[in-house]
Each structure stands twice: as structure tokens, then as C-alpha cells.
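A structural walkthrough
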Amino acid sequence: MTAHPKPLLLPRLRALMILLLALVLPVALSGTAAADSGKSARTWTVQVGSESSDQAIQGMSFLPKDIFINAGDKVTWEANAAEIHTVTFLATGQTIESTQPFDPFSPLYISAQGGTSYDGHSYYNSGVMSNVSNSGFAEVGSYTLKFPDTGDFTYYCLVHGAAQKGTVHVRAKGTDYPYSQEQYNNRVERAEKAIIRDGNQLWSDARDQADNHTVIAGADDGVAMVMRFIEPKVVIHVGEKVSFVNNGMGEPHTVTFGAEPANPFPPLGDPTNYTGGQLNSGILPPGVIFTVTFNKAGVYDYICALHDYFGMAGKVVVKD
């Protein structure tokens, strides 16, 4: 019987596999390169805002802040937080400072403006974007624009002004893309974690400033916002005062006791002699202190009328 050279079979199979890989791998790599070549139009995704799982910490960012696309591509902005934001391209000659403060009653601020293809010089606005349905505004979950022309186009959030801006960099059609959507997404994930860390540090610093007579009305630093009253529950005695301090950089709040007024912007009631019922600070911009003297025992719940829908509320317990 003639012996067959079976030991040579495995080396031959290995050689065959290596040959097949050598043939297939360049095809796979060339397919990847073609996918990044920028020859076909794409739709890219940018996250609008970010938040912690309990919504207490909110981010003031478009993520990614800068995105590189080609002429003919689209960008879709997706609401990624309970806090309200807008995606707004200003008209030529218009400045973000001229749009401040945010006007919650103007259609130019709260409703979609412009078409679906950006012309590079007119006013375009998404309307108010949020990932919840009870923000007090018509819900806008996503907003898409096509960019037919090259250029660097900066946009803003009308709510947060110059502190929150992004840029769409549009290059010529066919230009190689520097990043894939997956690479952007990985960067976004890291940025969101960094924002949460920043917010937790803000929260910790604010606790050091709070006591039974001082409540910090939120905190923000241009990166993160703590949407909570710190301390949320204070205990005092009749005749004593509590000062509500907004010491952030840009985020307004209210301190609102009793039934929420239809318009929380103007002040309501007498904070020097509070015994219950309606009392509203009106809008508290950064740097403003609202002091209330409590002249009757009781338990008094209050909210921020701008941010109560995701948990910004507190309580003052007044003892005899």
C-alpha cells in the first residue's frame, strides 16, 4: 500500500488561506477607503445637549462641536437632553449678542425658520429642541439641513448664547472625510462623560456655599449646568430669611412658590413678608440674589418655573 503524504496537507491549507486573505484583504481595505472618499452624499449626526441619567446635570454643547462634511451632505441635529436648546444660523450682519436674552414668546426664537437647504447667509432656526414632551414648547426632536455650498458655518443655541456654538465645515464635493461618524460618536461619548464630571464638581463646590439660610439656585460654568436647588430642603424659624443665589455664568432660573403663574418672567408677591400663597422671583439671571422672609410656620414647596419639568424643586420648612 502506498503511503499518502498526509502531513503536507495542513501546510498546503495554510498556504491556500494566506493566498485567499491576500486576495480578499485589499478588496476589503479598498472598500473602506471608498466609503471615506466623500464621493457620495451623506447625512451626519450631531447631538444637541447632554445630560446625566437623572437629568440633574445638563451639558451646554453641540457634540461634536466641529463637524467636517462635503458640499451636498446633510447634517441632522438630534435632541439629547431635557434642557431646551436651538440650532440657529444667524443672518449676515446679525450677532448672537443681539438675540439675547432668549425670547420664549417670539416665533423667530421658538419656531422653525428658513428652509431645508442652507443658503449660507440667511436666518435658519430649528425651533426649541428637547428630548421630553413637557418642556412647555412644541417638541422638536430632530432638525436636518442640507449644505450645498462650501464654507465654514457657525451656529448657536439662542437659549445659551455665545457659550454654546458649533461649526459645520463644508468642503468641496469628493474631498476625503477626516473622520467617520463612528469616530465622531466615540468622541461624543468621551465628551459627555467629561461634562458629567464637570457638573459633579460644580455641584460639590455649590454645596460648600449652601446652608439653611442660603440656597444655591443652580450652577453653571459654560460647560455643565446643575439643574437643582442646593440645598433642596432647608429648615428655619419664623421671621428668618432664606437667600436664593444664582451664582452661575449664564443660566437663568426662578424661585416660584404656590401656583405657577402663566408668565413666570415678571416678579409676583412680597418677598419681605411671605406667609404662603403665590410668590415668584421673576427671572433670576446670574449674579442675582432673591431673599425671602418667612413670617408664618409651615412647609413651603417651590420650583424653578423654567426647569421644574425635569426636577428643579425645593422645600422650606419654617418652625415656630
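What you see is a predicted model, and the numbers here were worked out from it, not measured in a lab. (Residues numbered from 1 in each chain as written. Predicted model: local features only at pLDDT ≥ 70, side-chain atom pairs only at ≥ 80, totals over all residues. Heavy atoms only, no water.)

**A short note on the overall build of the protein chain**
Using the following cut-off: Note on conventions: DSSP H or I runs of at least 4 residues are helices, E runs of at least 2 residues are strands, and numbering of each starts at the N terminus. Exposure classes here rest on a 1.4 Å probe applied to the protein chains alone. A residue is buried below 20% of its type maximum, exposed above 50%, and partly exposed in between. The contact rule is simple, with two residues in contact once any of their heavy atoms fall within 4.5 Å. What sets the accessible areas is the Shrake-Rupley method with a 1.4 Å probe; for residues, cover comes only from the shown protein chains.
The secondary structure content of the protein chain amounts to three helices and 18 strands. For the protein chain, the proportion of its 320 residues judged to be buried stands at 43%. For the protein chain, restricting intrachain contacts to residue pairs at least 6 apart in sequence, the fraction spanning at least 24 positions comes to 67%. In the structure as shown, the protein chain presents an accessible area of about 15,700 Å², 56% of it carried by carbon and sulfur atoms.

**A word on unusual backbone geometry**
Following glutamine 100, the chain continues into proline 101 via a peptide bond in cis, with omega recorded as -5°. We note that glutamine 55 has phi near 70°; this positive angle belongs to a residue other than glycine. Relative to the helices and strands, glutamine 55 is located in the loop between β1 (43-51) and β2 (57-63).

**Thoughts on the sheet that holds β2**
Worth spelling out the cut-off: DSSP calls a pair of strands paired once it identifies at least 2 bridges connecting them. Axis lines are fitted through C-alpha atoms, for helices just across the contact stretch, and the angle between N-to-C directions can take any value from 0 to 180 degrees.
One open sheet holds the eight strands; their spatial order is β7-β4-β1-β2-β11-β10-β13-β16, and the pairing between them is mixed. If you trace the sheet from one side to the other, it starts and ends with β7 (142-146) and β16 (289-293), each paired once. Strand after strand, the sheet turns through a mean of 15° between neighbouring axes, direction not considered.

**As for the nonpolar core**
Our working rule: In this description, a nonpolar core means a group of buried Ala, Val, Leu, Ile, Met, Phe, Trp, Tyr and Cys residues linked to one another through side-chain atoms lying within 4.5 Å.
Of all hydrophobic cores here, the largest spans 43 residues; its most connected members are Trp77, Val87, Phe89, Phe147 and Val168. Mapped onto this core, the elements with two or more residues apiece are β1, β2, β3 (66-70), β4 (74-79), β7, β8 (151-157), β9 (161-171) and β11 (224-230). With 21 residues, the next largest nonpolar core counts Ala217, Val242, Phe257 and Cys304 among its residues.

**Here we look at the layout of surface pockets**
Heads up, the rule is: Only protein atoms enter the 1 Å grid used here. Points where a 1.4 Å probe fits but cannot escape make up a cavity, open sets with protein on both sides within 12 Å along at least five of seven lines make up a pocket, and a residue lines them when an atom lies within 4 Å of a point. Grid points are joined across faces, edges and corners, and a volume is the space filled by probe spheres set on the points. All residues other than Ala, Val, Leu, Ile, Met, Phe, Trp, Tyr, Cys, Pro, Asp, Glu, Lys and Arg, Gly among them, are scored as polar; the first ten of these are nonpolar and the last four charged.
Its volume calculated, the largest pocket comes out at about 570 Å³. As for the largest pocket, its lining consists of 28 residues, of which Phe102, Pro104, Phe265, Ile283 and Leu306 are closest to the centre. Here the residues of the lining of the largest pocket are counted per class, giving 18 nonpolar, six polar and four charged. Taken as a whole, the second largest pocket holds about 260 Å³ of empty space. Taken together, 20 residues form the lining of the second largest pocket, with Ser61, Phe62, Leu63, Pro64 and Lys65 sitting closest to its centre. Put simply, the parts of the chain that give the lining of the second largest pocket at least two residues each are β2, β3, β9 and α3 (181-207). Residues of the lining of the second largest pocket, tallied by class, amount to 13 nonpolar, three polar and four charged.

**What about the sheet that holds strand β12 (residues 233-237)?**
One open sheet accounts for five strands, arranged β12-β18-β17-β14-β15; its pairing is mixed. Where the open sheet ends on each side, the last strands, each with one partner, are β12 and β15 (279-280). Judged from the six bridges that link them, strand β17 (residues 298-303) and strand β18 (residues 313-319) form a sheet pairing that is antiparallel. Along β18, the bridge assignment pairs glycine 298 with valine 318.

**What to know about the confidence of the model for the protein chain**
Note the cut-off: For every residue, the predictor reports its confidence as pLDDT, a number between 0 and 100.
Per-residue pLDDT for the protein chain averages 89, and the proportion of residues at 70 or more is 88%. This model gives residues 1-35 a pLDDT under 50, and the stretch forms two contacts once residues within four places in sequence are excluded.

**A short note on α3**
Definition in use: The span one expects for a helix is its residue count, reduced by one, times 1.5 Å.
Counted at 1.5 Å a residue, the expected span for α3 with its 27 residues is 39 Å, and the 39 Å between its end C-alpha atoms agrees. Restricting attention to buried positions, one finds in α3 the residues Gln181, Tyr184, Val188, Ile195, Gly199, Leu202, Trp203 and Ala206. Taken together, the buried residues of α3 touch β1, β2, β3, β10 (214-220) and β11.

**Digging into the side chain of serine 243**
Here is the rule: Two N or O atoms count as a polar contact when they lie within 3.5 Å, although within protein this holds only if one can serve as hydrogen donor and the other as acceptor, and sequence-adjacent residues are included solely when both atoms are side-chain atoms.
Structurally, serine 243 is set in strand β13 (residues 241-245). A polar contact of 2.9 Å, which involves the side chain of serine 243, links it to the side chain of threonine 291. With residues near it in sequence (within four places) discarded, serine 243 still touches His213, Thr214, Val215, Ile289, Phe290 and Thr291.

**Regarding the packing of aromatic side chains**
Going by this rule: The aromatic pairing rule takes the rings of Phe, Tyr and Trp, using the six-membered ring of Trp, and pairs them if the centres are within 6.5 Å, calling planes under 30 degrees apart stacked, those over 60 edge-to-face and the rest tilted.
Here the structure, examined in full by the defined rule, presents 29 aromatic pairs. Measuring from ring centre to ring centre gives 5.7 Å for phenylalanine 102 and tyrosine 109, while their planes differ by 75°; the resulting arrangement is edge-to-face. Each member of the pair, phenylalanine 102 as well as tyrosine 109, carries the same accessibility label: buried. Each ring, one from phenylalanine 257 and one from tyrosine 302, has its centre 5.1 Å from the other, and the planes form 45°; the classification is tilted. In this pair, phenylalanine 257 sits in strand β14 (residues 256-257) while tyrosine 302 sits in strand β17, placing the two residues 45 residues apart along the sequence. The residues phenylalanine 257 and tyrosine 302 share a single accessibility class, namely buried. Grouped by ring-pair contacts, the aromatic residues Phe62, Trp77, Phe89, Tyr118, Tyr124, Tyr143, Phe147, Phe153 and Tyr155 constitute a single cluster.

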